[in-house]
Amino acid sequence: MPTATEAVRWFQADARAAAEAMAPDARREALERIDGGGRARSIAALHRGRICGFSLGHGDRWTEWTMRPYLAFAVPARHLLPVLPPGCCFCEAAPR
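Residues numbered from 1 in each chain as written. Predicted model: local features only at pLDDT ≥ 70, side-chain atom pairs only at ≥ 80, totals over all residues. Heavy atoms only, no water.

Caption draft 1: Focus on the layout of surface pockets. As a volume, the largest pocket reaches approximately 290 Å³. In terms of lining residues, the largest pocket is bounded by Met-1, Pro-2, Thr-3, Ala-4, Ala-7, Leu-46, His-47, Met-67, Arg-68, Pro-69, Tyr-70 and Leu-71. Split into classes, the residues belonging to the lining of the largest pocket amount to 9 nonpolar, 2 polar and 1 charged. (1 Å grid on protein atoms, 1.4 Å probe; cavity = no way out; pocket = protein on both sides within 12 Å on 5 of 7 lines; lining within 4 Å. Points joined across faces, edges and corners; volume = space filled by probe spheres on them. Nonpolar A, V, L, I, M, F, W, Y, C, P; charged D, E, K, R; others polar.)

Here it is as structure tokens:
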């Protein structure tokens, strides 16, 4: 996802879809957890470069979502260093 907010929205939507298959009481509890106050903390963790996660228990099983930040940025071509062809510098010379 391009932003932390979109990533959290995605996992909330996926968790809601998983909750639909649960028994009514478990579904209500799961939806309360999904829509609880953890959204802001998750977004903040991703902005700080930290991993965050969410898990739902249903019966004797657990489903877990983990989000990891992918820190990448675009660099305009004019700021890139040129790539030198092989054998053009001393670093590839045979040791003496």
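Caption draft 2: Seen up close, a nonpolar patch on the surface. There is a patch of nonpolar side chains on the surface, built from Phe-73, Val-75 and Leu-80 and spanning about 340 Å² of accessible area. Structurally, Val-75 is set in the segment after strand 2 (61–67). (Patch = residues over 30% accessible without salt bridge, like charges linked within 9 Å, V, L, I, M, F, W, Y side chains within 5 Å. Areas by Shrake-Rupley, 256 points an atom, 1.4 Å probe, with all protein chains shown as cover. Salt bridge = Lys/Arg side-chain N within 4 Å of Asp/Glu carboxyl O. Helix = DSSP H or I, 4+ residues; strand = E, 2+ residues; numbered from the N terminus.)

Caption draft 3: The arrangement of the packing of aromatic side chains in detail. What the rule picks out here adds up to 2 aromatic pairs. Ring geometry for Phe-11 and Phe-54: centres 5.4 Å apart, planes at 45 degrees, overall tilted. Of the two residues, Phe-11 is situated in helix 1 (residues 4–19) and Phe-54 in strand 1 (residues 52–58); the sequence distance between them amounts to 43 residues. Here the two residues Phe-11 and Phe-54 agree in accessibility, since each one is buried. (Phe/Tyr/Trp six-rings, centres within 6.5 Å; stacked < 30°, edge-to-face > 60°. Buried < 20%, exposed > 50% of the residue type's maximum accessible area, 1.4 Å probe, protein only.)

Caption draft 4: Representation of the packing of helix 1 against helix 3 (residues 38–47) in the model. At a minimum axis distance of 9 Å, the contact between helix 1 and helix 3 shows a crossing angle of 135 degrees. Comparing their axes, helix 3 and helix 1 come out oblique. As for the relative orientation of helix 1 and helix 3, their crossing is right-handed in sense. Counted together, Ala-4, Thr-5, Ala-7, Val-8, Arg-9 and Gln-12 of helix 1 and Arg-39, Ser-42, Ile-43, Leu-46 and His-47 of helix 3 form the full contact between these two elements. (Axes fitted to C-alpha atoms, helices over the stretch in contact; angles between N-to-C directions. Parallel < 35°, antiparallel > 145°, perpendicular 65-115°, else oblique. Left-handed = near helix turned anticlockwise from the far one by under 90°. Contact = heavy atoms within 4.5 Å.)

Caption draft 5: Region of interest: the pairing of strand 2. Across 7 bridges, strand 1 lies against strand 2 in antiparallel orientation. Residue Gly-57 lies in a different strand from strand 2, and its bridge partner there is Trp-62. (Pairing = 2+ DSSP bridges.)

Caption draft 6: Broad picture of helix 3. Buried within helix 3 we find Ser-42, Ile-43, Ala-45 and Leu-46. Taken end-on, helix 3 shows its buried residues confined to a sector of 160 degrees, consistent with a single buried face. Looking at helix 3, the residues exposed on the side facing more than 90 degrees away from the buried face are Ala-40, Arg-41 and His-47. Looking at the buried residues of helix 3, the elements they touch are helix 1, strand 1 and strand 2. Residue Gly-49 follows helix 3 closely and has a positive phi angle near 85 degrees. (Arc of directions from axis to C-beta.)

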